[in-house]
Structures are given as structure tokens and as C-alpha cells.
Amino acid sequence: MQTTRTAQGVIVALFLLAIAIEGPVQALLDTREEGRPQVLDLFTQAPSQDALRAFERTLEDRSWSANAVRAPFQRLRHALLGDLGAKVVPGREGWLFYRQGVDYLVQSWPGVGEGIPDDPLPAIVDFRDQLAARGVELLIAIAPGKASMYPEQLGARPSGAPVYVHTRAFQERLEAAGIAFVDLHAALDPGEAAQAQLYLMRDTHWTPEGARRAAEAVADRILAEGWAPPGDVAYVYRDLTVERAGDLLRMAGSPGIAAAYTPERVTAQQIVDPATGALLVSDTASPVLVLGDSFLRIYEHDEPGSAGFLAHFARALGQSVASIVSDGGASTLVRQELARRPEVLRGKRLVVWEFVERDLRFGTDGWRRVSLPN
């Protein structure tokens, strides 16, 4: 009994010691690196919800003790339990899913009605109206999350019915508001997805084939509606093999976990100009501007370059396009970037606005109205 009490006392003492030294040591480290302790931010900023959340995130990221034990603990947890952390949902046959994308599908969301908090629709309508005043059309392209396309890799789907009911409901609202959109869920049909892998197993994004199909679906709609003149460049492509470790493994927070997996190998088609052999790149003089998130960046700005959505979209149109890409920021940040660079809109006839479906609910900085300069 005495031995047990002694052990309990030691544990309690170590716990109290850890609590006692955490704050002073962190303050010293902050002062050495930044010139002042981060805790002073609590007294120098207005106590808003956003400010407190930002303080909490920074505190978590910079904590010396958390950083010291996080990676080894996560590797141990993965080795013993297969757990990849709070952001990753393990699926079947080695598939991984982004938890926020799964939450978007399975959690209730009053996004089908009017007056919901941070409703995306008013910001989209406002943006459409601002573009229309400049003689520019707007086309929405909602990128499906991987869980929408491969729900069977998460668990049984008894009815076989689509699981993206929130997105369908929102598209109905877009239609009612007179906002043009392309149904990329239909273009990336789950039935076809079973035949050709359209999303990476351990990444949140689509494969090169998924990006190509989405790009061609958007281009087909534009050419059918006559929203942009067809180009006359017959771009060609060359096949390249690309290795992707997967951003979901990176989210696990420990390099040791990613090293335990073999990178996925996929074939990408790099688009080149037939006359010069140069890679197809963004052109601000194009009448078409594409705004979007990392679904535009992958294979385009990443390896191998000029092989993602933007390049295939330009190939399908027969002309280069302009673009602004904001990783994780397609709900508001990308329009703020456009507002800072209004010259990009000069000569435009069409803006294509891509964002991943989970951003309807979880968009970074929400869905703010952004005024474009005159």
C-alpha cells in the first residue's frame, strides 16, 4: 500500500512540475525568438472569438513541450493502434480520408435553408452581380470531396444512393438563384470512379485522371454555352509518372509515419505548346479566369507541373487561361486576392470559381462578401 501511495505521489509531483515549468520556459523561448512572450497577445488584442482561437492555435503550434513529445507519441500511437490523428479517418484497403470532408457529409447542417450562419449563397450572388456589372459571367464548379466519390471505402453504403446530400441541396439553391454551375459529382460519376481511380488513396485530392475529367466537364459547359470563344491551339501532352506521398499522411504530424508508406505512383499528362514545346502556363491576357483552391494546384504548380486541372482545362478550350489559386482559401481568400489584383479582370469574359464541397461549411474565413475595386 505504501509503495502504491509513493508511486502516486511521484506521478502527481511530476505532473505539477510539468505544469509549473511549461509557462516560464515557453515565455523564455518566445522572448528569445520573437522578442516578447506570446502570452502578452492576450492583453494587446481585442478579446474576440477569432482572436482567441488564433491565440490557441499559435500556442498549440509553438509549445515546446507539445512539439517535443507529439511526433514520438503519434508514431507510437500509429504503430500500436493504427491511429493517424484527429484529422485523418482510416478507411478500407489502405484508403485514408480527411475528417473534415467526412464530417461535412455525415453531420447535420442547416445549409439547405435561408438565414443559416455564414451562408455561402449571399457571397456568391454578390460576387456574380459584381462580375455581371463588368460584363463578366460566373460559373461555379464545386469539387467533390473524396468521401463523396468513394463512400464504400469508408463503410457499407446500403442504399447505394449519393451521400453528398448537402451539396445537392446547395446546388438547388444555386439554380434557384440563377447561378450557373457545373455538376462535377456527375462528371466524376462514382460508377466510373470504380473503373478508373479518380482520387488518391492517401491524399485529399483527385488523381491526374480525376483532374482531367473535371476540367473537361467545365470546358464542355463553357463551349456549349458560348461563354468563351473556342481557342485554336491544339495542345499536346506527354505522359509522366508522379509519386505522391499523400497530404493526409503529412496531417498525421510525424515524418516517421509517412516514411512507413510507399508513395502512390500515378501517370500525369503534362500539357505543352506544340509550336514551342514549352509547358502550358497561366496567361493573364486570357478572357477566362479560374479561381480556386489546392484542387487547382495539384500537378499544376506541384510536380510535374502543367498537368493539373488548369492545364487540361486550357487544352480543352484550346487556349491558355488566367488563374488565382489559394490553398484552402477558395471561399473568401481567393476573392480577396482578386480584389488586390483587379487588373487581372481586365478583358475577361468569364470567371470559373472552383472550391471543394466541404468549404460550403468549413471554408477558411467563412464566406465574406468581397468588394472588387472599380
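Heads up: the structure comes first, above all this text.
Residues numbered from 1 in each chain as written. Predicted model: local features only at pLDDT ≥ 70, side-chain atom pairs only at ≥ 80, totals over all residues. Heavy atoms only, no water.

**What to know about empty space enclosed by the protein**
And step 1. Here the structure, examined in full by the defined rule, presents one cavity of 30 Å³ or more.
And step 2. In this structure, the largest cavity spans a volume of roughly 70 Å³.
And step 3. Considering the residues around the largest cavity, the lining is formed by F97, Y98, G101, V102, G145, K146, A147, D203, T204, L248 and R358.
And step 4. Secondary-structure elements contributing two or more residues to the lining of the largest cavity are β2 (96–98), α5 (99–106) and α7 (146–149).
And step 5. Split by residue class, the lining of the largest cavity holds five nonpolar, three polar and three charged. (1 Å grid on protein atoms, 1.4 Å probe; cavity = no way out; pocket = protein on both sides within 12 Å on 5 of 7 lines; lining within 4 Å. Points joined across faces, edges and corners; volume = space filled by probe spheres on them. Helix = DSSP H or I, 4+ residues; strand = E, 2+ residues; numbered from the N terminus. Nonpolar A, V, L, I, M, F, W, Y, C, P; charged D, E, K, R; others polar.)

**Brief notes about the side chain of H185**
And step 1. Within the secondary structure, H185 sits in helix α9 (residues 184–187).
And step 2. Here the side chain of H185 touches E357 through a polar contact of 3.0 Å, side chain to side chain. (Polar contact = N/O pair within 3.5 Å; in protein donor to acceptor, adjacent residues only side chain to side chain.)

**Describing unusual backbone geometry**
And step 1. Between E303 and the following residue, P304, the backbone shows a cis peptide bond with an omega angle of 5°.
And step 2. With respect to the element layout, P304 can be found in the loop between α14 (294–297) and α15 (309–317).
And step 3. The residue S306 is not glycine, and still its phi comes out positive at about 55°.
And step 4. Note that S306 resides in the loop between α14 and α15.
And step 5. Within the chain, D365 stands out as a residue other than glycine whose phi angle is a positive 65°.

**Overview of the packing of aromatic side chains**
And step 1. For the structure shown, the criterion picks out eleven aromatic pairs.
And step 2. Where F355 meets W367, the ring centres are 5.0 Å apart and the plane angle is 75°; that geometry is what we call edge-to-face. You can see F355 sitting in strand β9 (residues 350–356) and its partner W367 sitting in the segment after α17 (359–362), a full twelve residues away along the chain. Both residues of the pair, F355 and W367, count as buried. (Phe/Tyr/Trp six-rings, centres within 6.5 Å; stacked < 30°, edge-to-face > 60°. Buried < 20%, exposed > 50% of the residue type's maximum accessible area, 1.4 Å probe, protein only.)

**A word on the layout of surface pockets**
And step 1. The volume enclosed by the largest pocket comes to roughly 1600 Å³.
And step 2. For the largest pocket, the lining is made up of 40 residues, of which R57, K87, Y98, Q100 and T364 are closest to its centre.
And step 3. Contributions of two or more residues to the lining of the largest pocket are made by α3 (49–62), α4 (64–81), α5, α12 (247–251), α14 and α17.
And step 4. Tallying contributions element by element places α3 first for the lining of the largest pocket, with seven residues.
And step 5. For the lining of the largest pocket, the per-class residue count stands at eight nonpolar, eleven polar and 21 charged.

**Some words on the sheet that holds strand β8 (residues 322–325)**
And step 1. The five strands lie next to each other as β4-β3-β9-β7-β8, forming an open sheet whose pairing is parallel. With one partner strand each, in any of the chains shown, β4 (180–182) and β8 form the two edges of the open sheet. Here the strands of the sheet are splayed against their neighbours by 20° on average, with no regard to which way each runs.
And step 2. Where strand β7 (residues 288–292) and β8 come together, four bridges link them in parallel fashion. When the bridges of β8 are listed, L289 appears paired with A322.
And step 3. Packed onto the sheet, helix α11 (residues 208–225) meets β3 (137–143), β4 and β9 and runs at close to 140° relative to β4.
And step 4. Each of β7, β8 and β9 touches α15; the most contacted strand, β7, lies at about 155° to it. (Pairing = 2+ DSSP bridges. Axes fitted to C-alpha atoms, helices over the stretch in contact; angles between N-to-C directions. Contact = heavy atoms within 4.5 Å.)

**As for the side chain of E300**
And step 1. Counting through the fold element by element, E300 comes out in the loop between α14 and α15.
And step 2. Despite its burial, E300 pairs with no opposite charge, the nearest such side chain being R315 at 10 Å.
And step 3. Within polar-contact distance, the side chain of E300 engages the backbone nitrogen of G308 at 2.9 Å.
And step 4. Other than its neighbours up to four places away in sequence, E300 contacts L280, G305, S306, A307, G308, F309, L310 and A311. (Lys, Arg positive; Asp, Glu negative; His and termini not counted. Salt bridge = Lys/Arg side-chain N within 4 Å of Asp/Glu carboxyl O.)

**Concerning α4**
Turn by turn, an α-helix covers 3.6 residues, leaving residues three or four places apart pointing in a common direction.
And step 1. Over its 18 residues, α4 extends 26 Å from the first C-alpha to the last, a length consistent with the 26 Å expected when each residue adds 1.5 Å.
And step 2. At R70, α4 shows its maximal bend, which comes to roughly 35°, and the proline P72 appears one to four places after that position.
And step 3. Contact partners of the buried residues in α4: α13 (255–258).
And step 4. G82 sits one or two positions beyond α4 and adopts a positive phi of about 75°. (Expected span 1.5 Å × (residues − 1). Bend = angle between axes of the 7 residues up to and from the residue.)

**Side note on the packing of α11 against α15**
And step 1. Relative orientation of the contacting elements α11 and α15 amounts to 40°, with a least axis distance of 8 Å. With respect to α15, the element α11 is oriented oblique. Of the two elements, α11 crosses α15, and the hand of that crossing is right-handed. Along the contact surface, α11 presents A211, R212, A214, A215, E216, V218, A219, I222 and L223, while α15 presents F309, H312, F313, R315, A316 and L317.
And step 2. For the contact of α11 with α15, the residue count by class is eleven nonpolar, one polar and three charged. (Parallel < 35°, antiparallel > 145°, perpendicular 65-115°, else oblique. Left-handed = near helix turned anticlockwise from the far one by under 90°.)

**Considering the pattern of salt bridges**
And step 1. Following the criterion strictly, the structure yields 14 salt bridges and no others.
And step 2. Put simply, R173 and D119 hold a salt bridge, and the shortest N to O gap is 2.7 Å. One end of the pair, R173, is in helix α8 (residues 165–176); the other, D119, is in the loop between α5 and α6 (120–133), with 54 residues separating them in the sequence. The residues R173 and D119 share a single accessibility class, namely buried.
And step 3. A salt bridge links D302 to R297; its shortest N-O distance comes to 2.5 Å.
And step 4. Take R297: its relative accessible area is 15%, and that puts it in the buried class.
And step 5. Residues joined in a network through salt bridges with shared partners are D203, R244, R297, D302 and D327.

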